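# Understanding the architecture of this molecule
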Amino acid sequence: MKTILKAKNVQKVFGTKGNMYTALKNINLEIKEGEFVGVMGPSGAGKSTLLNIFSTIDTPTSGEIIIDGKNIVTMNDKQLSDFRRNKLGFIFQDYNLLDTLTVKENILLPLALSKVAPKEIEKRVEEIADTFGIREILEKYPYHISGGQKQRTAASRAIVANPSLILADEPTGALDSKSATSLLESLSMLNDKNKSTIMMVTHDAYAASFCKRAIFIKDGELYKELHRGEQSRKQFFQRVLDVLSSLGGGHDDVI
């Protein structure tokens, strides 16, 4: 199976001599094509730092990060910008939608920037809107739709260009339980049907129970990982809760 992401001895140190803080220590991690991976850990564990580095928002102090065969650590700003647009999809807690564009226009934006043919754009937008159940709101503007619909629009935009890796940062953090479940079911279906590769940072054991693998970080280091295998989501949920309990909580990461 193809390796989509490979991190080798990744370290991240903040501050200067005499006042240094090591946020990540020797992270070695692989994510294969078609995996749905949850990253968890208590507050300050380093999971958001890890996501920022994988998403090219931040750079590691040392180590290698290979995404879809390319070492992102050695890229310049222009190469990173192109790579981000062509290979990565992002789902943020606060949606990051453009209020002046309709739902449909928000979704097709990555395709338009990549100069995809209009006919192909139309086809892909309709397919992804059906997957996330938002076809009926395509002509509406973000300020006319609910939080759950906004997040499904944001997820559609992240996925419409068929990125190699989808990075989700607390995607259910601002949603009610019904909207959160709807989004997680859609992501899970996408992962099963399209073999989309997803890495999701979450503090929520319920959200993590939709993943196929859960990775736990403690004090900037990989602490433990769980594979769901043939277990039911309910059984996996309980195992995730047990690990979080041994970690001493599972609240939002502030790093």
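Preceding this section is the structure that the text describes.
Below: a short report on this structure. (Residues numbered from 1 in each chain as written. Predicted model: local features only at pLDDT ≥ 70, side-chain atom pairs only at ≥ 80, totals over all residues. Heavy atoms only, no water.)

## Looking at the layout of surface pockets
Heads up, the rule is: A 1.4 Å probe that fits into a set of points on a 1 Å grid over the protein atoms alone but cannot get out defines a cavity; an open set with protein on both sides within 12 Å along at least five of seven lines defines a pocket, and lining residues are those with an atom within 4 Å of a point. Grid points are joined across faces, edges and corners, and a volume is the space filled by probe spheres set on the points. In this description a helix means any DSSP run of H or I spanning at least four residues, a strand means any run of E spanning at least two, and both kinds are numbered starting from the N terminus. The nonpolar class holds Ala, Val, Leu, Ile, Met, Phe, Trp, Tyr, Cys and Pro. Asp, Glu, Lys and Arg form the charged class, and all remaining residues, Gly among them, are polar.
Volume-wise, the largest pocket comes out at about 420 Å³. Along its surface, the largest pocket is lined by 17 residues, and Arg 85, Leu 88, Phe 90, Pro 110 and Arg 157 are the ones closest to its centre. Looking at the lining of the largest pocket, the elements that each hand over two or more residues are helix H2 (77-87), strand E6 (88-91), helix H3 (103-113) and helix H5 (147-159). Counting residues per element, the lining of the largest pocket draws most heavily on H2, which supplies four residues. When its residues are assigned to classes, the lining of the largest pocket shows ten nonpolar, four polar and three charged.

## Structural notes on the pattern of salt bridges
Here is the rule: Salt bridges, as used here, are contacts in which a Lys or Arg side-chain nitrogen is within 4 Å of a carboxyl oxygen on Asp or Glu. Burial classes follow relative accessibility: with a 1.4 Å probe on protein chains only, a residue under 20% of its type's maximum area counts as buried, one over 50% as exposed, and anything between as partly exposed.
In this structure the tally under the stated criterion is 16 salt bridges. Residue Glu 30 pairs with Lys 32 through a salt bridge whose shortest N-O separation is 3.3 Å. Relative accessible area serves as the criterion here: at 27%, Lys 32 is assigned to the partly exposed category. Between Lys 212 and Asp 192 there is a salt bridge, with its nearest N and O atoms 3.5 Å apart. Within this pair, whereas Lys 212 is found in the loop between helix H7 (205-208) and strand E9 (213-218), its partner Asp 192 is found in helix H6 (residues 177-194), the two being separated by 20 residues in sequence. Residue classification places Lys 212 among the partly exposed residues on the basis of a relative accessible area of 35%. Accessibility expressed as a relative area gives 42% for Asp 192, which makes it partly exposed.

## Overview of the packing of aromatic side chains
Worth spelling out the cut-off: Each pair of aromatic rings taken from Phe, Tyr and Trp, with Trp reduced to its six-membered ring, is defined by centres within 6.5 Å and is described as stacked if the planes are under 30 degrees apart, edge-to-face if over 60, and tilted in the remaining cases.
Under the defined criterion, the tally for this structure stands at three aromatic pairs. Pairing Phe 90 with Phe 92 gives two aromatic rings, centres 5.9 Å apart and planes at 10°, and the pair type is stacked. For Phe 90, a relative accessible area of 17% translates into the label buried. According to the relative accessible area criterion, Phe 92 is partly exposed, its value standing at 24%. Between the aromatic rings of Tyr 141 and Tyr 143, the centroid separation amounts to 5.8 Å while the plane-to-plane angle is 10°, which identifies the pairing as stacked. For Tyr 141, a relative accessible area of 30% gives the class partly exposed. Classification of Tyr 143 as exposed rests on a relative accessible area of 52%.

## Examining the nonpolar core
So the rule is basically this: We define a nonpolar core as any set of buried Ala, Val, Leu, Ile, Met, Phe, Trp, Tyr and Cys residues linked to one another through side-chain atoms lying within 4.5 Å. The contact rule is simple, with two residues in contact once any of their heavy atoms fall within 4.5 Å.
With 34 residues, the main nonpolar core has Ile 107, Phe 132 and Leu 187 as its most contacted residues. For this core, the secondary structure elements donating two or more residues are H3, helix H4 (118-131), H5, strand E7 (165-169), H6 and strand E8 (198-201). If one sorts the elements of this core by residue count, H6 sits on top with five residues. Contact partners of Phe 132, with chain neighbours within four places excluded, come to Arg 152, Ala 155, Ser 156, Ile 159, Leu 183, Ser 186 and Leu 187.

None of the figures reported here should be taken as evidence of function without further support.
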